[in-house]
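This is what each chain is made of:
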Amino acid sequence: MENISYLKIGQKGVINFDIPIYTIGQGGVSFAITCSVHGDETAGLFIVNDFLKRIKGKKLNGMIHIIPSANPIAQLTNSRVAFIDHKDLNRLNKGRIDGSYTERVVANLFDFLIKCNMVINIHEFEMKTPVACIFDNMDNISQKEQILSMIKVFSPQIVWQLNYDKQVEAQYQTTLDMALTNAKIINFAFETSQLSLITDEEIKIASQGLLNVAIKLGIFDDENLQQKETIFMTRNEVTNDISGLWEAKQDLSLMQNIKKGDLIGTITTLPDFKKSEIYSPFSGILMQYRHRQMISTGTSIFSIGYQQ
Ligand SMILES: [Zn+2]
């Protein structure tokens, strides 16, 4: 049993912005997965495609809703936000049904997702990252234990614990995920590397995670959970004072131990092509780092994680 329905958003000229929802199964528990909340993030589509291959032919006791494009206009132009109002879909809380384009998208998504039993939002991170579930460790979240237990079932490579003491992470309080959490929906987001950098192994870890969650929800019978030990991490993000051509050190790998003062990469400044070495200001674990890129002053280049 499969079906495609639409969230009605509107149009510009003759182009329609409605959001398709691909649903498999019927009745019972519902599990929603959203991709491309940010229009330039398409790794989630490949993860979902792998997940759908894994469940092909299996009997479902419930429904799985796939939203392949939560932000059609932004996906169309391969940009983070829609050019119509330049608002970040994931920083508008639960949106506004009588607001601008992106606010309406969020309101419609929110209205659909709060009817689901479980929601997972898939994002791509701007730096290379292990498959990382985002966990909001705020004390006032009543369903914290349920969210945490689903994250453990998903078995990401790491769990990224947000830290609101750090201003850089305070922006995550107005995400669609937090709006769902405040509406008491069991949900979480996970981050992967960008599509051009994600490995086959990471795609498999993420799609197995989706399968694990569906099994835990009871959507599939007689399946074994492939659950792994959970590694909780917080992080310090490092931004650069100089701009130019950033190149990470050749033999760097995610999750390696780093000591304060270790060489992480170089920045070649413009227009003089002078190379500066960039050292870690912290000791810890290399949780994320940016791939080769022309960066501006203040761009994040790597983050050092701390196992909790
Ligand atoms: Zn994103």
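Residues numbered from 1 in each chain as written. Predicted model: local features only at pLDDT ≥ 70, side-chain atom pairs only at ≥ 80, totals over all residues. Heavy atoms only, no water.

Draft legend 1. The coordination of the zinc ion, seen in detail. Around the zinc ion, the protein supplies His 38 (ND1), Glu 41 (OE), Glu 41 (OE) and His 123 (ND1) as donor atoms, at distances of 2.0 to 2.4 Å. In this structure, the zinc ion is coordinated by 4 donor atoms arranged in irregular fashion, with angles at the metal of 57 to 151°. The sequence pattern formed by the donor residues of the zinc ion is H-x2-E-x81-H. With Glu 41 in the loop between strand E5 (30-34) and helix H1 (43-55) and His 123 in strand E7 (residues 118-124), this pair connects stretches of sequence that are 82 residues apart. Owing to a relative accessible area of 6%, Glu 41 belongs among the buried residues under this scheme. (Donors = N, O, S within 2.8 Å, 3.2 Å for Na, K, Ca; no water. Tetrahedral: all angles 85-135°; square planar, octahedral: opposite > 155°, others 65-115°. Helix = DSSP H or I, 4+ residues; strand = E, 2+ residues; numbered from the N terminus. Buried < 20%, exposed > 50% of the residue type's maximum accessible area, 1.4 Å probe, protein only.)

Draft legend 2. Summary view of the packing of aromatic side chains. Taken as a whole, this structure holds 4 aromatic pairs when the rule is applied. Judged by centre distance (5.4 Å) and plane angle (75°), the ring pair of Phe 17 and Tyr 101 falls under edge-to-face. Of this pair, Phe 17 sits in the loop between strand E3 (15-16) and strand E4 (19-25) while Tyr 101 sits in helix H3 (residues 101-113), placing them 84 residues apart in sequence. Grouping residues by exposure puts Phe 17 and Tyr 101 together as buried. (Phe/Tyr/Trp six-rings, centres within 6.5 Å; stacked < 30°, edge-to-face > 60°.)

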